[in-house]
Each structure stands twice: as structure tokens, then as C-alpha cells.
Amino acid sequence: MRHLLTLFDLSTDEILDLYARSRRLKEAFSRGERENRHPRRVLALLFEKPSLRTRVSFEAAMTHLGGTTLYLGEDVGWGKRESVADFAAVLGNYVDVIVCRSFAHGRVEELARHSAAPVVNGLTDSYHPCQALADLFTLEEHFGTLQKLTLAYVGDANNVARSLAVCCARLGVRFVLAAPTAYQLDDSFLDRLKQAESSADLVQCEDPREAVAEAHAVYTDVWASMGQEAERETRRQAFRSYQVNSRLMRAAPPHAVFMHCLPAHRGEEVTDEVIDGPQSIVFPQAENRMHVQKGILDAVLADAASRAATGPPAEPA
Ligand code: CP
Ligand code: NVA
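Now for a quick tour of the structure. Keep in mind it's a predicted model, so treat the numbers as computed, not measured. Note on numbering: residues in each chain are counted from 1, in written sequence order. Going through the entries in the order they are written, you letter the chains from A and number the ligands from 1. Whole-chain, interface and lining totals are the exception, using all residues; otherwise, since this is a predicted model, local features are given only for residues with pLDDT of at least 70 and side-chain atom pairs are given and counted only at 80 or more. Hydrogens and waters are ignored; side-chain quantities use all the structure's heavy atoms.

Re the overall build of the protein chain
- Scanning the protein chain for helices and strands turns up 12 helices and 9 strands.
- Radius of gyration means the value over C-alpha atoms here, while the globule rule gives 2.2 Å times the residue count to the 0.38 power. The globule rule puts the C-alpha radius of gyration for 317 residues at 20 Å, and the 19 Å found for the protein chain is close to it.
- Remark: exposure states derive from per-residue accessible area (1.4 Å probe, protein chains only) relative to the maximum for the residue type, with buried under 20%, exposed over 50%, and partly exposed in between. The burial tally for the protein chain puts 54% of its 317 residues in the buried class.
- The contact criterion used is simple: two residues touch if any of their non-hydrogen atoms lie within 4.5 Å. Of the contacts formed within the protein chain by residues at least 6 apart in sequence, a portion of 74% connects residues at least 24 apart.
- Split by element, the accessible area of the protein chain, about 13900 Å² in all, is 49% carbon and sulfur.
- In this charge count, Lys and Arg are treated as positive and Asp and Glu as negative; neither His nor the chain ends contribute. We put the charge of a Lys on NZ, of an Arg on CZ, of an Asp on CG and of a Glu on CD. One finds the centroid of the 35 positive side-chain charges in the protein chain at a distance of 3 Å from the centroid of its 43 negative side-chain charges. Helix and strand definitions follow DSSP, with helices as H or I runs of at least four residues and strands as E runs of at least two, each counted in order from the N terminus. Values of accessible area rely on a 1.4 Å probe in the Shrake-Rupley scheme; residue burial ignores everything except the protein chains shown.

Shown next as C-alpha cells:
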């Protein structure tokens, strides 16, 4: 895995390999072991939006693996003091891996094109691959298998929903999304998904009760994502019948769990009684961000080390 910008970059086998690494590292961590697997490797966190989970779980993960982390905020001025290409060419020679959180997805793609170090997407307006990887890992832990599972996503077809849709397709999980039609997954994304994974089992509907009827997990996220603050009131109106509350959870099978990527807007997309209730697994879900990102760092750094050992592919004569 050279870069991880979307889950289209990973095959099913690569995701399963990541999960095997994550599981092993999580078990070691729970025994109090911190394996010094990547000593003196440097991770740069280049963030244009706020973050608790992604930032801190990557920092902790890198520290546990023996490496170190630099947090780079607005002040480094990428694309402002100098072009993204120049910035990436310099930063990519200082550090071993870059995790980037940005607005337009194209910015992370441009960073990756010009960086010698691998780039991992820590959230863009379009995708949040690290989140979806941790979410499906959490579901597998909870149910013991992903086979024959259905994930019902109630809310905006945003970065998290898109990444969940791809991750579910790769891992054979049924993905059902309920939203007003204007906020559902668009045709160009659906075409790309079908091309990448022809057996993807994905359904969209407007009725949240229909969506959750056979769900193993009921998932929601904020109605207005970072960068959409000006639309908050319009979206609040559009989504007001999509709140995940006790009534909606009663329309799901009793074994269904509740998931949310967090941060939550309590009282909007989810009520306190659901997020704090017995079906909620939001905190183990958040904890797994760290364990799965440790697996991601381990895989990315192992790939970079093997590239360095074998050298770049030969130029054609
Ligand atoms: N879920 C998630 O990515 O949280 P942060 O925005 O706090 O990183
Ligand atoms: N969809 C949310 C996810 C936050 C982790 C956002 O982009 O703000």
C-alpha cells in the first residue's frame, strides 16, 4: 500500500491483512506490550480541520510503535506560502509518512502525487477511510464475523458514508442508506463503486424505518459536516425525521448495535438515550481507531521499507 487516500486503493485481501496486523497489535497492547516496530520513524499530521480522535489516536499509535509525530496546523501554509507540489516535495523527504486532513479531496491527491513519503487520508470532504476501516473492524469484533451482516446508515451521504459504502462492498457487508433523495449517494460514486466491486450490495431509500428493519448496526453521523456550517439550519430541517432515537432503534432487530463516528451533535442526529444506551458501541468504536491506525501505519511503513530495499521500479529502456 503506497498511499491510502480512499478504500478504492485497497483490495479485500489488503484490508484483511490490515485487520490481522491491527488485531495482533491490539492484543499485544492489551497485555501492556508496546512493540518497538518502527523506531525513529516520523509521522507528520497535516491538518486543516479540527480533530480529537484522528489526531490523538495516530499520535498515540505512532508513539506505541516506537516512532515520533509532528503536528502541522494552518501555520505551515501549504498551498498558501508555497505550492502544494513544492510543499509535498520538501515534507515528503523529511518524514516517513504523512496523515492529512483537508477539505477538497484533490488536495490530498496532489500531496500524494508529489510526496516521496506515503500519504494517508485523515478525512477530506469526500472520504474518511481510516474511520470506516475501524468501524468494520469493530463490527467484526462485536459479531465475531462480518458474513451476512447489514449496516444501516441513517443520514447524510457524506465522507463517512462513502467510505463505509466502499468498506462494506470490499468486505461483503450489505449497506443500506436512508436519507432524503437530495442527500443520498450520487450516481458517479455509485458507478465507481460498482466498477470497483461488482458484487457490492447497496440499497438507498428515504424511509429510515425500512433501512433499519434488518440491520445489525444502525449508524449515523452529523447532518452538517465540517465546512458545511452555513447549511446547518437547512440540513436540520431536511433531516428532522432521520433522528436515531429509541423509536427508530425499536424498528431495528434487538441485536442491532448503534454506531457513530463522533463527534456527535446530541439531540440532532442522535438522542442521549440511544448514544448512552445499552445498544451503543460508540466508545469501543472510537478506541479501535487507534488499534486499526496502528495496523495502517505498520502496513504503510513495511511497504515503504520494502520499496527502499528493492529500489524504485526500473525505468523502461
Ligand atoms: N471521527 C473522527 O474522525 O473524529 P475527529 O474529527 O475528532 O478526528
Ligand atoms: N462527517 C463529519 C465527520 C467527522 C469525523 C465531518 O466531516 O465533519
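With respect to the nonpolar core
- Nonpolar cores are built from buried Ala, Val, Leu, Ile, Met, Phe, Trp, Tyr and Cys residues. Side-chain atoms within 4.5 Å join them into one set. In this structure, Leu-133, Leu-136 and Leu-151 are the most contacted members of the largest nonpolar core, which totals 86 residues.
- In terms of residues, this core owes the most to one element, helix 6 (residues 159-171), which gives 9 residues.
- In this view, Leu-136 contacts Tyr-19, Leu-146, Leu-151, Leu-164, Cys-167, Cys-168, Leu-171 and Val-173; residues no more than four positions away in its chain are not counted.
- Core analysis: the second largest hydrophobic core is formed by 18 residues, Leu-72, Phe-87, Ala-88 and Val-108 among them.

Here's the deal with the site of ligand 1
- In the region of ligand 1, the neighbouring residues are Ser-51, Leu-52, Arg-53, Thr-54, Arg-101, His-128, Gln-131, Cys-261, Leu-262 and Arg-289.
- We call two N or O atoms a polar contact when they sit within 3.5 Å, provided that within protein one can donate a hydrogen and the other can accept it, with sequence-adjacent residues counted only if both atoms are side-chain atoms. The separation between an oxygen atom of ligand 1 and a polar side-chain atom of Thr-54 is 2.7 Å.
- Separating a nitrogen atom of ligand 1 from a backbone N or O atom of Leu-262 is a distance of 2.8 Å. We call a residue near a molecule or strand whenever a single non-hydrogen atom of that residue lies within 4 Å of it.

What to know about the sheet that holds strand 3 (residues 97-101)
- Two strands are said to pair when DSSP picks up at least two bridges between them. The 4 strands lie next to each other as 2-1-3-4, forming an open sheet whose pairing is parallel. Of all the strands in the sheet, the pair left with one neighbour each is strand 2 (68-72) and strand 4 (119-121). Taking each pair of neighbouring strands and ignoring which way they run, the sheet shows an average axis angle of 20 degrees.
- Pairing between strand 1 (residues 42-47) and strand 3: 5 bridges, direction parallel. The axes are straight lines fitted to the C-alpha atoms, using for helices just the contacting stretch, and the angles between their N-to-C directions are given from 0 to 180°.

Structural notes on the site of ligand 2
- With respect to spatial proximity, the complete set of residues near ligand 2 consists of Leu-123, Asn-158, Asn-159, Val-160, Asp-221, Val-222, Ser-225, Met-226 and Leu-262.
- Taking Asn-159, its side chain carries an N or O atom lying 2.8 Å from an oxygen atom of ligand 2.
- Asp-221 is positioned with one of its side-chain polar atoms (N or O) 2.6 Å from a nitrogen atom of ligand 2.
- Within the complex, the protein chains bury 95% of what would otherwise be the 270 Å² of accessible surface of ligand 2.
- Only Asp, Glu, Lys and Arg are considered charged in this grouping, and only Ala, Val, Leu, Ile, Met, Phe, Trp, Tyr, Cys and Pro are considered nonpolar; every other residue, Gly among them, is considered polar. Partitioned by chemical class, the residues of the shell around ligand 2 number 5 nonpolar, 3 polar and 1 charged.

Examining the packing of aromatic side chains
- Stacked, tilted and edge-to-face are the three classes assigned to paired rings of Phe, Tyr and Trp, where Trp is represented by its six-membered ring and a pair needs centres within 6.5 Å; plane angles under 30 degrees give stacked, over 60 edge-to-face, the rest tilted. Applying the stated criterion to the full structure yields 11 aromatic pairs.
- Considering the side-chain rings of Phe-8 and Tyr-127, the 6.3 Å spacing of their centres and the 85 degrees angle between planes classify their relative orientation as edge-to-face. Remark: Tyr-127 occurs in the loop between strand 4 and helix 5 (129-143) and Phe-8 occurs in the segment before helix 1 (12-30); sequence separation between them is 119 residues.
- On the basis of an interplanar angle of 35 degrees and a centroid distance of 6.0 Å, the ring pair of Trp-78 and Phe-87 is categorised as tilted. Taken as a pair, Trp-78 and Phe-87 share a single burial class, namely buried.

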